[in-house]
Amino acid sequence: MPRRGLTLQGRVRWFFLGLFLLLVLLLFAYLLECTPPPDVGLALPGDSYGKEYYQGLLQEQEERHLNRAASLKRQITQLKQELQEMGEKLKLLQDKKELPGVQGLAETKDQEPGDLLEYLHSQIDKAEVNTGARLPSEYALVPFESFTLAKVYQLEMGLTRHPEEKPVRKDRRDELVEVVEAALDIINNPDEEDGVEEDMPMQRQTYTEGHFTEGLYRTERDKGSLYELFFSKEDSSSFRHVTLFRPFGPLMKVRSTSVETSGMVINIIVPLAGRVETFSQFLHNFREVCIQQDRRVHLTVVYFGLEGLRGVKLSLEKMSREENFSNYTLIPVDEEFSRGRGLDIGANAWNKGDVLMFFCDVDIHFTLDFLNTCRLHAAPNKKVFYPVVFSLYNPSIVYGSLELAPPTELQLIHKKDAGFWRDFGFGMTCQYRSDFLNIGGFDLEVKGWGVEDVHLYRKYLRGELIVIRAPVSGLFHLWHEKQCADELTPEQYRMCIQSKAMNEASHSHLGMLVFRDEIEAHLRKQAFKTEVKTQD
């Protein structure tokens, strides 16, 4: 018995040493992310704007990068302090286990030490797994990253990170494979607590990697890594949802449940004023995805003003006739446009009980997969979903001119020079009507652009619900020229200009435009030198 206790004590020492090395690796990863990426091989795009305009945009993005670098330095300093504190805690814990008279780590070979198990479970309680945590602002939330078997969609970018990438690092790849395999083992070998129907146990189907549809994960330095995984059979509206948590140690199962989405109707609410041509493009996407494939949606359009109202009404009636689709509502409002007011009117107009709502803009393009993602990550009185949209840059800059730009469907790619994750935008959200009403809805005193979305987001952060924030591969913001009205408040106008600058082009493309004359002069010199050598 004493020999077994000594053996277990040795194992625990190695376990804590492994934890410490893992934290050191995390610090090294943060240091790598601080290095800005070099941009090479860019073609010179065409443009019709002035040099001063792009110099301003370039300066705006340069300031953003500097702020990000300063933020990372602060995080590294904090991480060093936490590593030192963790080392001291581990040393105290080891000294405690070595004190005479203290019982061995386990009575039997497969029994976990009580205090260690209690600590690991306390990490689950600290993380936002079962309930939301009250947060002071939108900057305090740790967003998820989404992934499939082949790709990872991530917000943080640097030398080796892109908006969409294959997990090339072996440790990242092995981590995600382990998580998927652990989830499959839980689904295929359920416990009694998993809530799986046992009416016909002989007919239970086996799940494989091919049934994995999507996953989310995030890591909080003082808690651990949280994983949300979803599996579904082909052509099925029923999903298996597995939650795993790694409290800086082995994976621990939190729960495994079934999610049936066949009865989940999504009320897509679009506030609109003018922009009839853009609305026609939106309806084309809506037809292909919502009517021809999903058919579990209701479209609510809240239209402000009279100009363009007839065109919108005719477009909806034409769609209804051609697709035999009547699940839509057009609400005319003779008021000045307010996005928050429009969404509030759309939410209150629904009179069929609780419903999942997707607050959408007319320049958003979404896929069938996104609709299921919306259903899976929102739950009444439990969680709301704030997806991060991939915002496309000005195609006339990305592709040289509008004439050279491919069709919209071919522009929907996740590349650094094609667009960016719009992590400062909180307008697109999936939440249940009951939660929206209980939280108090939008601040209807806000007029115009921007701020009302952030106010609602902050309400949820300061409440009890879990806020899921993650990039979504099937949600795109199509580029359009943005006008910032003089009537906006200084804060709204600043946010509008920031959004406008971020929308135009990547940092590299803006730099190429600013230094266009210098580059062309260099090319002329090179051509002249080549011509002289040829004549000689």
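Residues numbered from 1 in each chain as written. Predicted model: local features only at pLDDT ≥ 70, side-chain atom pairs only at ≥ 80, totals over all residues. Heavy atoms only, no water.

1. Re unusual backbone geometry
At step 1: A positive phi angle is found at aspartate 235, which is not glycine, with a value near 60 degrees.
At step 2: Residue placement: aspartate 235 occurs in the loop between β5 (224-232) and β6 (238-246).
At step 3: The phi dihedral of asparagine 324 falls on the positive side, at around 55 degrees, and the residue is not glycine.
At step 4: Here asparagine 324 is to be found in the loop between α6 (309-323) and β10 (328-333).
At step 5: With a relative accessible area of 68%, asparagine 324 lands in the exposed category. (Helix = DSSP H or I, 4+ residues; strand = E, 2+ residues; numbered from the N terminus. Buried < 20%, exposed > 50% of the residue type's maximum accessible area, 1.4 Å probe, protein only.)

2. Things to note about the packing of aromatic side chains
At step 1: Throughout the structure, instances matching the rule amount to 22 aromatic pairs.
At step 2: Between the aromatic rings of phenylalanine 147 and tyrosine 217, the centroid separation amounts to 5.6 Å while the plane-to-plane angle is 65 degrees, which identifies the pairing as edge-to-face. With a gap of 70 residues between them, phenylalanine 147 in strand β1 (residues 145-147) and tyrosine 217 in strand β4 (residues 212-220) connect regions that are remote in the sequence. Both residues of the pair, phenylalanine 147 and tyrosine 217, count as buried.
At step 3: Judged by centre distance (6.1 Å) and plane angle (20 degrees), the ring pair of phenylalanine 420 and phenylalanine 424 falls under stacked. (Phe/Tyr/Trp six-rings, centres within 6.5 Å; stacked < 30°, edge-to-face > 60°.)

3. Comments concerning the state of the cysteines
At step 1: Enumeration according to the criterion identifies 2 disulfides in this entry.
At step 2: A sulfur-sulfur separation of 2.2 Å characterises the disulfide bridge that pairs cysteine 374 with cysteine 430. Residues cysteine 374 and cysteine 430 are joined through a disulfide that is left-handed, its torsion about the S-S bond being -125 degrees. Of this pair, cysteine 374 sits in helix α8 (residues 368-376) while cysteine 430 is found in strand β15 (residues 429-432), placing the two residues 56 residues apart along the sequence. Cysteine 430 shares its class with cysteine 374; the two are buried.
At step 3: In the protein chain, numbering the disulfide-bonded cysteines from first to last in sequence yields the connectivity 1-2, 3-4.
At step 4: Free cysteine cysteine 290: the closest other cysteine sulfur is in cysteine 360, separated by 8.8 Å.
At step 5: According to the relative accessible area criterion, cysteine 290 is buried, its value standing at 0%. (Disulfide = S-S within 2.5 Å.)

4. Side note on the confidence of the model for the protein chain
At step 1: Scored by pLDDT, the protein chain has a mean of 80; 76% of the residues are at 70 or more.
At step 2: Predicted confidence is poor over residues 1-6, with pLDDT under 50, and the contacts of this stretch with residues over four places away or in other chains come to 4 contacts.
At step 3: Within the model, the stretch residues 36-46 combines pLDDT values under 50 with 25 contacts to residues more than four positions away or in other chains. (pLDDT = per-residue confidence, 0-100. Contact = heavy atoms within 4.5 Å.)

5. Regarding the pairing of strand β7 (residues 252-260)
At step 1: Sheet topology note: the β6/β7 ladder contains 8 bridges and is antiparallel. Note on β7: the bridge partner recorded for leucine 244 is lysine 253.
At step 2: In this antiparallel pair of consecutive strands, β6 and β7, the connection spans 5 residues, and phenylalanine 248 shows a positive phi of 50 degrees. (Pairing = 2+ DSSP bridges.)

6. Topic: the pairing of strand β11 (residues 356-359)
At step 1: Taking every second residue as pointing to the same face, both faces of β11 are buried, with Leu356 and Phe358 on one and Met357 and Phe359 on the other.
At step 2: Pairing analysis gives 4 bridges linking strand β8 (residues 266-272) to β11, with the strands arranged parallel. Residue pairing in the sheet places isoleucine 268 in a bridge with phenylalanine 358 of β11.
At step 3: Here β11 pairs with β15 via 4 bridges, running antiparallel. Residue pairing in the sheet places leucine 356 in a bridge with tyrosine 432 of β15.

7. Details of the sheet that holds β7
At step 1: An order of β3-β2-β1-β4-β5-β6-β7 is seen for the 7 strands of this open sheet, with the pairing classed as antiparallel. Each having just a single partner strand, β3 (164-165) and β7 make up the two edges of the open sheet.
At step 2: In this fold α8 packs onto β4, β5, β6 and β7, with an angle of close to 55 degrees to the strand it touches most, β4. (Axes fitted to C-alpha atoms, helices over the stretch in contact; angles between N-to-C directions.)

8. Brief notes about the pattern of salt bridges
At step 1: Inspection of every chain in the model, using the stated rule, returns 11 salt bridges.
At step 2: Between aspartate 294 and arginine 375 there is a salt bridge, and its shortest N-O distance comes to 2.8 Å. Residue aspartate 294 is located in helix α5 (residues 276-294), and its partner arginine 375 is located in helix α8; the two are separated by 81 residues in the primary sequence. A single burial state applies to aspartate 294 and to arginine 375, both of which are buried. (Salt bridge = Lys/Arg side-chain N within 4 Å of Asp/Glu carboxyl O.)

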